[in-house]
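Secondary and tertiary structure notes
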Amino acid sequence: MATSTDGVRGIAAPRSIRLPGIVLGVGLGGFVDGILLHQLLQWHHMLSSTNDDRIGVKYYSPNTVSGLEMNTVWDGIFHAVCWMAVLLGLGILYARVTHHRRRVWTSRVLWGWILAGWGLFNLVEGLLDHQILGIHHVYAGDQQIWWDMGFLLLGLLFLIGGYLLQRGGRPLDPDTAGPRGERP
């Protein structure tokens, strides 16, 4: 049975689920962004603001068939990266948690790190794609800066909230009774 540095046997210590939680949060946050903002609301696509970008990417208008096709390809690449992040996060989590996985999935520690990872996604994507590169905005138009700032603020709130949530979680010790008194 695996033993961590703090003596918890059978599963990894709460800190060791930080990385898989953050990676899962980045991937899941990306999926929410892509599914909600790109596909359902159709507010933007990966290259929908390249007529005003800061790096010289050719403009692909999402209002033309050829432009929408190119934006859809890049949205697909974005979703593939999100999928890879989720698979990587699950793989790391699976490798680190060897017993009593159900207890990990119900822990505040894991869900706190997933929420923090989602916040990290929003901050990085919002700063990089919206502000630095300018390849798309949350909702393009006269008020786009406010939509972009709201996206960054939401990311910061998720990051802080996730950190606080995981701090409030209990260490996961499979040798003690669970929250309902059951033994692992």
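In this report, the structure presented in the accompanying data block is examined. (Residues numbered from 1 in each chain as written. Predicted model: local features only at pLDDT ≥ 70, side-chain atom pairs only at ≥ 80, totals over all residues. Heavy atoms only, no water.)

1. Considerations on the overall build of the chain
So the rule is basically this: For helices the rule is a DSSP run of H or I covering at least 4 residues; for strands it is a run of E covering at least 2, with both sets numbered from the N terminus onward. A 1.4 Å probe rolled over the protein chains alone gives each residue an accessible area, and that area as a share of the maximum for its type sets the label: buried under 20%, exposed over 50%, partly exposed in between. Between two residues, a contact is recorded if the distance between any of their heavy atoms is within 4.5 Å.
For the chain, the helix and strand inventory stands at 5 helices and 0 strands. Written out in order from the N terminus, the α and β elements of the chain read α-α-α-α-α. The 184 residues of the chain split such that 41% are buried. For the chain, restricting intrachain contacts to residue pairs at least 6 apart in sequence, the fraction spanning at least 24 positions comes to 72%.

2. Re the packing of aromatic side chains
Two aromatic rings are characterised by how far apart their centres lie and by the angle between their planes. How we decide: The rule is short: rings of Phe, Tyr and Trp, with Trp giving its six-membered ring, pair when the centres are within 6.5 Å, and they are stacked under 30 degrees, edge-to-face over 60, tilted in between.
Scanning the model with the defined rule gives 7 aromatic pairs in all. The interplanar angle of 65° and the centroid separation of 4.8 Å between the aromatic rings of Trp-118 and Phe-158 together place this pair among those described as edge-to-face. Pair noted here: Trp-118 is in helix H4 (residues 108-132) and Phe-158 is in helix H5 (residues 144-167), with a separation of 40 residues, a long-range link. Residue classification places Trp-118 among the partly exposed positions, given a relative accessible area of 25%. An aromatic cluster is built from Trp-43, Tyr-139 and Trp-147, whose rings are joined through pairwise contacts.

3. Description of the nonpolar core
Stated precisely, the cut-off is as follows: Take the buried Ala, Val, Leu, Ile, Met, Phe, Trp, Tyr and Cys residues and link them wherever side-chain atoms come within 4.5 Å; each set so joined is a nonpolar core.
Ranked by size, the top nonpolar core spans 11 residues in total: Ile-17, Leu-24, Val-86, Leu-93, Val-97, Val-104, Val-109, Leu-110, Trp-113, Ile-114 and Ala-116. Among the elements of the structure, helix H2 (65-96) and H4 are those that each provide at least two residues to this core. Every residue in contact with Val-86, bar those within four places of it in the chain, is listed here: Leu-24, Gly-27, Leu-28 and Phe-31. Core analysis: the second largest hydrophobic core is formed by 10 residues, Leu-37, Leu-47, Tyr-60 and Phe-151 among them.

4. So, a nonpolar patch on the surface
Inclusion rule: Patch membership needs two things, relative accessible area over 30% and no salt bridge, and members are linked within 9 Å if like-charged or within 5 Å if nonpolar (Val, Leu, Ile, Met, Phe, Trp, Tyr). The accessible surface values rely on the Shrake-Rupley method and a 1.4 Å probe; as for residues, cover is taken only from the protein chains in view. Criterion for a salt bridge: a side-chain nitrogen of Lys or Arg within 4 Å of a carboxyl oxygen of Asp or Glu.
Residues Trp-83, Met-84, Leu-87, Leu-90, Trp-105 and Trp-111 make up a contiguous nonpolar surface patch of roughly 620 Å² in combined accessible area. For the nonpolar patch, the leading source of residues is H2, giving 4 residues. The topology assignment puts Met-84 in helix H2.

5. Things to note about H2
Residues spaced three or four apart along an α-helix point in a common direction, a consequence of the helix completing one turn every 3.6 residues. Inclusion rule: Given the number of residues in a helix, its expected span is that number minus one, multiplied by 1.5 Å.
The end-to-end C-alpha separation of H2 is 46 Å, in line with the 46 Å expected for 32 residues at 1.5 Å each. Among the residues of H2, Gly-67, Asn-71, Asp-75, Phe-78, His-79, Cys-82, Ala-85, Val-86, Gly-89, Ile-92 and Leu-93 are the ones counted as buried. Taken together, the buried residues of H2 touch helix H1 (18-40), helix H3 (101-105) and H4.

6. Considerations on the packing of H4 against H5
Worth spelling out the cut-off: Note on method: axes are straight lines fitted to C-alpha atoms, helices fitted across the in-contact stretch only, with angles between N-to-C directions ranging 0 to 180 degrees. Oblique is the label for every angle not falling under 35 degrees (roughly parallel), over 145 degrees (roughly antiparallel), or within 65 to 115 degrees (roughly perpendicular). By definition, turning the near helix anticlockwise from the far helix through less than a right angle yields a left-handed crossing, and turning it clockwise yields a right-handed one. The residue classification treats Ala, Val, Leu, Ile, Met, Phe, Trp, Tyr, Cys and Pro as nonpolar and Asp, Glu, Lys and Arg as charged. All others, Gly included, are polar.
Here H4 crosses H5 at 155°, and the two axes come no closer than 7 Å. Viewed along their axes, H4 and H5 adopt a mutual orientation that is roughly antiparallel. By crossing handedness, the relation of H4 to H5 is classed as left-handed. Its residues assigned to classes, the contact of H4 with H5 comprises 20 nonpolar, 10 polar and 3 charged.

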